[in-house]
Amino acid sequence: MPRAGRPEFLAIVGCTGAGKTALSLRVARRIGAEIISMDSRQVYRGMDIGTAKATHHERALVPHHGLDLRDPGQRYSAGEFGRDARRWIRDIRARGRVPLLVGGTGFFLRVLTDPIFREPPLDGARRARLERALGALPRAELERWMRVLDPERVAALSGPGGYQRMIRTVTVTLLTGRKLSWWHVRHPTGADPLRGVVCRLRVPRGALGERIDRRVRAMVEAGFRDEVAGLLAAGYSPGDPGMDGVGYREMAEHLAGRITREEAVERTRRATRRYAKRQRTWFRHQLGPDAVVVDGTVPPAAQAEVVVGAWRARAGRVEEAAPGVAGPARTAGEPAGAEAAR
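This one's a predicted model, so the numbers in the text were calculated from it and none came from an experiment. (Residues numbered from 1 in each chain as written. Predicted model: local features only at pLDDT ≥ 70, side-chain atom pairs only at ≥ 80, totals over all residues. Heavy atoms only, no water.)

1. Details of the overall build of the chain
So, point 1. The secondary structure content of the chain amounts to 14 helices and six strands.
So, point 2. Taken across its 342 residues, the chain has 47% of its residues classed as buried.
So, point 3. Restricting to contacts in the chain with at least 6 residues of sequence separation, those with at least 24 account for 78%.
So, point 4. Of the accessible surface of the chain, which amounts to about 16,100 Å², a share of 51% is contributed by carbon and sulfur atoms. (Helix = DSSP H or I, 4+ residues; strand = E, 2+ residues; numbered from the N terminus. Buried < 20%, exposed > 50% of the residue type's maximum accessible area, 1.4 Å probe, protein only. Contact = heavy atoms within 4.5 Å. Areas by Shrake-Rupley, 256 points an atom, 1.4 Å probe, with all protein chains shown as cover.)

Spelled out as structure tokens, the structure:
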């Protein structure tokens, strides 16, 4: 991530269930921020409970962007997020407020700090088949493919966290007949990297697993089954871009009569834990050394102090809260301890 110059945004990232939502509300009210959702599932309308989307009350407290942009049957790419987020960031800064990016979709952050090039159009079905085949290869075999097809990319991607990017490199090369490094040179993104202060909310694996279990139970109690049933009744299917998220496909299996409700809940719990593990790995390997690690086990007020302090130190000035913005306080109506689950 570029270090020179004043940061253009503040970001809070972390695994699902780490407590990002509650922390972001505290921080936003301290520094006069507007929140930009950095969650690839919260962009879908009608998918509220299963994505832990900010409630209407929370959105009334702090302006939110990036929610309810698409129907579940429509795609929303990282490139689209990058273009939208740059506009939101520009507009928020023009209002004299702080853009606060919040979420667990790491690639959404990457397209802002390390913009991706304009990828050539690829046949979706062929790409999916090829990516599945490559994903089954051992890492050493995939690196051998890289050395033959695009040796310039081997050194950059051979380290931790590069497996999916190696698959992408081989896929683009095979389907277009041109090396990915060739496309990078001739089809640049045209967007400059943005500077930001990135705070990673870290919770130990055991504690995070317990929070995830509580979160899944709370989803079910809040009516998650009815939410999925309503989406299916509206004509959406488990194969749609929005509906393939964790929890939605499992509950759809139950509603189709293939598994019991209890099995759907258990599968959702296990799938969410696996997803959190992948997030943890991505953030550990992909965030730069400037990222601020925030202990997710300390009281929420202490977490907010770390984030606010990091922003003020790196922004080079004390950010004053906008008129009418309250100081640190638990969201009205939210029970103590709820911060740990959202």
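2. Quick word on the nonpolar core
So, point 1. Ranked by size, the top nonpolar core spans 34 residues in total, and within it Phe-9, Phe-81, Leu-101, Leu-109 and Leu-112 carry the most contacts.
So, point 2. When residues of this core are traced back to their parent elements, those giving at least two are strand S1 (9-14), helix H3 (78-94), helix H4 (106-113), helix H11 (224-233), helix H12 (248-255) and helix H13 (261-286).
So, point 3. The element best represented in this core is H3, accounting for six residues.
So, point 4. With residues up to four places along the chain from it excluded, the contact list for Phe-81 reads Ile-36, Ser-37, Met-38, Tyr-76, Trp-88, Phe-108, Val-111 and Leu-112. (Core = buried A, V, L, I, M, F, W, Y, C linked by side-chain atoms within 4.5 Å.)

3. Some details on the packing of aromatic side chains
So, point 1. In this structure the tally under the stated criterion is five aromatic pairs.
So, point 2. Relative to Phe-108, the ring of Tyr-76 has its centre 6.3 Å away and its plane inclined at 70°; by these criteria the two rings are edge-to-face. Taken together, the residues span a long stretch of sequence, with Tyr-76 in the loop between strand S3 (64-65) and H3 and Phe-108 in helix H4 at a distance of 32 residues. In this structure, Tyr-76 and Phe-108 share a single accessibility class: buried.
So, point 3. Between Trp-282 and Phe-283, the ring centres sit 5.6 Å apart and the planes meet at 85°, which makes this aromatic pair edge-to-face.
So, point 4. The partly exposed category is assigned to Trp-282, whose relative accessible area is 24%. (Phe/Tyr/Trp six-rings, centres within 6.5 Å; stacked < 30°, edge-to-face > 60°.)

4. Overview of the pattern of salt bridges
So, point 1. One pass over the structure, following the stated rule, counts 20 salt bridges.
So, point 2. A salt bridge links Lys-53 to Asp-68; the shortest N-O distance between them is 2.6 Å. Taken together, the residues Lys-53 in the loop between strand S2 (33-37) and helix H2 (56-61) and Asp-68 in the loop between S3 and H3 connect sequence positions 15 residues apart.
So, point 3. Given the relative accessible area of 26%, Asp-68 is considered partly exposed.
So, point 4. Residue Glu-80 is joined to Arg-70 by a salt bridge in which the shortest nitrogen-to-oxygen separation is 3.1 Å. A residue pair is termed long-range when its members are at least 10 positions apart, and Glu-80 in helix H3 and Arg-70 in the loop between S3 and H3 qualify at ten residues.
So, point 5. Judged by relative accessible area, which is 22%, Glu-80 ranks as partly exposed. (Salt bridge = Lys/Arg side-chain N within 4 Å of Asp/Glu carboxyl O.)

5. Let's talk about the packing of H12 against H13
So, point 1. At their nearest, the axes of H12 and H13 sit 9 Å apart, and the two run at 165° to each other. One element, H12, and the other, H13, form an angle in the roughly antiparallel class. At the point where H12 passes H13, the crossing takes the right-handed sense. Contact residues: H12 offers Glu-250, Met-251 and His-254, while H13 offers Arg-261, Ala-264, Arg-267, Thr-268 and Ala-271.
So, point 2. Along the lines of polarity and charge, the residues of the contact of H12 with H13 split into three nonpolar, two polar and three charged. (Axes fitted to C-alpha atoms, helices over the stretch in contact; angles between N-to-C directions. Parallel < 35°, antiparallel > 145°, perpendicular 65-115°, else oblique. Left-handed = near helix turned anticlockwise from the far one by under 90°. Nonpolar A, V, L, I, M, F, W, Y, C, P; charged D, E, K, R; others polar.)

6. A short note on the environment of Ala-85
So, point 1. Tracing the sequence through the fold places Ala-85 in helix H3.
So, point 2. A relative accessible area of 0% means that Ala-85 is categorised as buried.
So, point 3. Distance from Ala-85 to Ser-37, taken between C-alpha atoms, is 9.2 Å for residues 48 residues apart in sequence.

7. Details of the sheet that holds strand S4 (residues 98-103)
Backbone-to-backbone hydrogen bonds join strands into a sheet, with any given pair of strands oriented parallel or antiparallel.
So, point 1. Read from one edge to the other, the open sheet built from six strands follows the order S3-S2-S4-S1-S5-S6, with strand pairing classed as parallel. The open sheet has two edge strands with one neighbour each: S3 and strand S6 (292-295).
So, point 2. For S1 and S4, the ladder comprises four bridges, and the chain directions are parallel. Looking at S4, one finds that Val-13 is bridged to Gly-103.
So, point 3. Each of S1, S4, strand S5 (196-202) and S6 touches helix H14 (residues 300-315); the most contacted strand, S6, lies at about 160° to it. (Pairing = 2+ DSSP bridges.)

In short, shape yes, function no, at least from these values alone.
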